[in-house]
Amino acid sequence: MSDFVYDIVGVGFGPSNLAIAIAAEESGRPVESFFFDRKPEFAWHEGLMFAGAEMQVSFLKDLITMRNPRSDYSFLNYLAQAGRLPTFVNLRTFYPTRVEFNDYYRWVAAQFADRTQWGTDVVAVRPVKDATGGVELLEIVVRELATGAERTVLGRNLVVAPGGTPHLPARVERSDRVFHASETALRMPRDFADGEAPHRFVIAGAGQTAADVFMYLRRAYPNARIDQVIRGFAIRPEDDTHFVNELFAPHMPDWFYRQRDDFRAGVLDTYGLAAHTGVSYDMIPAIYREHYEDSVVGGDALRLHRFTELTSAREENDRAVVGLRRLDSGKTASLECDAVILATGYRYPMPIPLLDGLRDHLILAEPGRYALRRSYDIETAESFQPKIFLQGYAEATHGFSEVLLSLMPFRAAEIVEAAETGVPVTAGV
Ligand SMILES: Cc1cc2nc3c(=O)[nH]c(=O)nc-3n(C[C@H](O)[C@H](O)[C@H](O)COP(=O)(O)OP(=O)(O)OC[C@H]3O[C@@H](n4cnc5c(N)ncnc54)[C@H](O)[C@@H]3O)c2cc1C
């Protein structure tokens, strides 16, 4: 182990920690940061990277522009460097494709190549005690996935940004035919290579991902039968109307953090369509039209199962078998198909297994939820000096922007500002 001490060690190098790298660089202070990511190279939600799918936020909500419009790391500078600024402007849109935004993120990531190690999993974090028994530093254990080799680095602050964990409902047995939507673009072309075959697919879920998967399947498998299972009556539009969208204004985490737990929970419940549960407004008529056109030619390829819960799913004899229950009548049924795609969301489970080695030092607000400070770090005893910052985990206390892109530049700057820094002792790893 080198005795070099990083000011910031990042777990993951998705958009959240890309924003940290930029904030550290632009902070005007010497901040030594280093980031590990288990992916072999930068890729943003590659399992859902469908051609033509658009961003749900304005390109101005890139990694920096809202906080520092003069930054070198803006989407506009990326366009200029790529030679596409005039043509992008002529597109007259605020909403680039996800493919292009992924390329923008990759362009930013490449500029921090000297502070990044890909193909490397952060597997454990341990306290380093000082002479008085207090904890001064963190020892972070990383494993190179290609070789299995492990090493440790020292850090004063850890910024944990591993993204959401794909959520599968109970009684779902994951397999090659039953999988989370986050794997769709990776599995489908490989496992269902014949685009003309009369496959039958089931999608569970009514949010944006379900809508994206539906359109992808409809285009890639024009002869397939597609059953979509939704708990409610209808697919509903996201609410990004002007007043509601102010939930994502930069001052909102401050306001949200000051409210009572039950009041915050009420806001999250009432405005779910602003963040998680809604589908882009333009996609709803497009999906409806697909259903209509199917009805014109006979009408048995597309089926929306309303008020229906997927109660189980498993692979059996080279087929997938799905259990369904109607929420109105209570009737149950089972359905056989080629694959079940679960667009059932992501979770940010706490306590975080990676932080097990620090368990005795981290304070919980309630079982299963860390006590988080306004500056996104977990409360600890005074004798524990390092700071553990979380990104994505603070929706209950900081509001909807936690899991979305809108306020990443601001959150990153607050974290860098709150991080302990010190003078490095020797050369880096
Ligand atoms: C398809 C899709 C589209 C979206 N579009 C939008 C949008 O338009 N607007 C919006 O506001 N939000 C959007 N979101 C929300 C999304 O959460 C954010 O876009 C964003 O990806 C969150 O960034 P992140 O860096 O926190 O997590 P991620 O992007 O998930 O990145 C986390 C990274 O951490 C790495 N990692 C995890 N654990 C470890 C470990 N132990 N060691 C090393 N590396 C690790 C992973 O490999 C990954 O690269 C979208 C989400 C999805 C799924």
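To be clear, the structure that these remarks concern was listed above.
What comes next is a walk through the structure.

Quick notes on the rules
Per chain, residues are indexed from 1 in the order of the written sequence. For this predicted model, a pLDDT threshold of at least 70 governs which residues receive local features, and a threshold of 80 or more governs which side-chain atom pairs are given and counted, while totals over whole chains, interfaces and linings are taken from all residues. Side-chain calculation: all heavy atoms of the structure are included, whereas hydrogens and water are not. In this text, helices come from DSSP runs of H or I with a minimum length of four residues, and strands from runs of E with a minimum of two, each type numbered from the N-terminal end. Here a polar contact means two N or O atoms within 3.5 Å. Within protein one must be a hydrogen donor candidate and the other an acceptor candidate, and residues neighboring in sequence count only if both atoms are side-chain atoms. Should any heavy atoms of two residues lie within 4.5 Å, those residues are considered in contact. Definitions used for this entry: grid spacing 1 Å over protein atoms alone; cavity, a set of points where a 1.4 Å probe fits but cannot get out; pocket, an open set with protein on both sides within 12 Å along at least 5 of 7 lines; lining residue, one with an atom within 4 Å of a point. Grid points are joined across faces, edges and corners, and a volume is the space filled by probe spheres set on the points. Amino acid classes used here: Ala, Val, Leu, Ile, Met, Phe, Trp, Tyr, Cys and Pro are nonpolar; Asp, Glu, Lys and Arg are charged; the rest, including Gly, are polar. Here a helix's expected span is defined as the number of its residues, less one, multiplied by 1.5 Å. For each residue, the accessible area found with a 1.4 Å probe, counting protein chains only, is set against the maximum for its type, and the residue is called buried under 20%, exposed over 50%, and partly exposed in between. Paired strands, as defined in this entry, are two strands with at least two bridges between them according to DSSP. With axes taken as lines fitted to C-alpha atoms, and helix axes fitted only over the stretch in contact, angles between N-to-C directions fall between 0 and 180 degrees.

**Structural notes on the side chain of Thr 308**
Working step 1: As for its placement among the helices and strands, Thr 308 is situated in strand β12 (residues 308-316).
Working step 2: Only 2.6 Å separates the side chain of Thr 308 from the backbone oxygen of Arg 306, close enough to count as a polar contact.
Working step 3: Residue contacts for Thr 308: discarding those within four places in its chain leaves Val 229, Ile 230, Arg 231, Leu 324, Arg 325, Arg 326 and Leu 327.

**What to know about the layout of surface pockets**
Working step 1: Estimates place the volume of the second largest pocket at around 600 Å³.
Working step 2: Lining of the second largest pocket is provided by 22 residues; of these, Glu 54, Gln 208, Ser 280, Asp 282 and Met 283 occupy positions nearest its centre.
Working step 3: Sorting elements by how many residues they give to the lining of the second largest pocket places helix α6 (residues 208-220) first, with five residues.
Working step 4: Of the residues belonging to the lining of the second largest pocket, the class tally is nine nonpolar, five polar and eight charged.

**A word on unusual backbone geometry**
Working step 1: In this structure, Pro 351 follows Met 350 across a cis peptide bond, with omega equal to -5 degrees.
Working step 2: Locating Pro 351 in the fold gives a position in the loop between β16 (346-347) and β17 (364-366).

**Some details on helix α4 (residues 98-110)**
Working step 1: Its 13 residues give α4 an end-to-end C-alpha distance of 18 Å, which sits within 8% of 18 Å, the value for a rise of 1.5 Å per residue.
Working step 2: The set of residues buried in α4 consists of Arg 98, Glu 100, Phe 101, Asn 102, Tyr 104, Tyr 105, Val 108 and Ala 109.
Working step 3: On its buried face, α4 sits against α1 (15-25), α2 (75-82), α3 (85-91) and α6.

**Regarding the sheet that holds β12**
Working step 1: Overall, antiparallel pairing links the three strands, which are arranged β12-β13-β14 in an open sheet. The outermost strands of the open sheet, each flanked by one partner alone, are β12 and β14 (332-337). Strand-to-strand twist of the sheet, defined as the mean angle between neighbouring strand axes without regard to direction, takes the value 20 degrees.
Working step 2: Across eight bridges, β12 lies against strand β13 (residues 319-326) in antiparallel orientation. Its bridge partner lying in β13, Ala 313 is registered against Val 322.

Note that every value here comes from positions in space, so none of it alone points to a role or purpose.
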